[in-house]
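Examining the three-dimensional arrangement
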Amino acid sequence: RLRGHIHYFREQATGLGLQLMDSTTPIQPVLLGSNERALTWSAALEQRGILVGAIRPPTVPVGQARLRITFSAAHERDDVDRLLQALADCRRLPA
């Protein structure tokens, strides 16, 4: 079930044009680049009840800020779809 969520997320997120980093684990990093963009997307997701951390320097190199999405087997496919829709909406936010 968990592997299915990960595979589905990666397939759909790639289709949305999101820049995924290599990962086959439940932790799926979405590279956004700037600190501001990562923080803006994280806050927008939180407003929808989706908690996704913004990872920024010094934890990661400058220019490689990202979202750290974590899946579990307790998630439902609807949860993944809700996340994907929210990420698609974030793409329209100012950079």
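This text follows the structure it describes.
This text gives an overview of the structure that appears in the document. (Residues numbered from 1 in each chain as written. Predicted model: local features only at pLDDT ≥ 70, side-chain atom pairs only at ≥ 80, totals over all residues. Heavy atoms only, no water.)

A closer look at the environment of R1
Here R1 is to be found in the segment before α1 (2–15). Here the alpha-carbon distance between R1 and I27, two residues 26 residues apart in the chain, equals 15 Å. Sequence-distant contacts of R1, that is, excluding residues within four places in its chain, are made with A73, A74, H75 and E76. A polar atom in the side chain of R1 sits 3.1 Å from the side chain of E76. (Helix = DSSP H or I, 4+ residues; strand = E, 2+ residues; numbered from the N terminus. Contact = heavy atoms within 4.5 Å. Polar contact = N/O pair within 3.5 Å; in protein donor to acceptor, adjacent residues only side chain to side chain.)

Regarding the pattern of salt bridges
In this structure the tally under the stated criterion is three salt bridges. Among the salt bridges present, the one from R1 reaches E76, with a minimum N-O distance of 3.1 Å. Taken together, the residues R1 in the segment before α1 and E76 in the loop between β3 (65–70) and α3 (77–90) connect sequence positions 75 residues apart. On the accessibility criterion, R1 (55% relative accessible area) is exposed. We note a salt bridge from D89 to R48, for which the minimum N-O separation is 2.4 Å. Separated by 41 residues along the polypeptide, D89 in helix α3 and R48 in the loop between α2 (35–47) and β2 (53–55) bring together distant segments of the chain. (Salt bridge = Lys/Arg side-chain N within 4 Å of Asp/Glu carboxyl O. Buried < 20%, exposed > 50% of the residue type's maximum accessible area, 1.4 Å probe, protein only.)

Here's the deal with the environment of L18
Mapped onto the fold, L18 is located in the loop between α1 and β1 (27–33). Judged by relative accessible area, L18 falls into the buried class, the value being 10%. With 14 residues separating them along the chain, L18 and L32 place their C-alpha atoms 8.5 Å apart. In this view, L18 contacts A13, V30, W41, L87 and R91; residues no more than four positions away in its chain are not counted.

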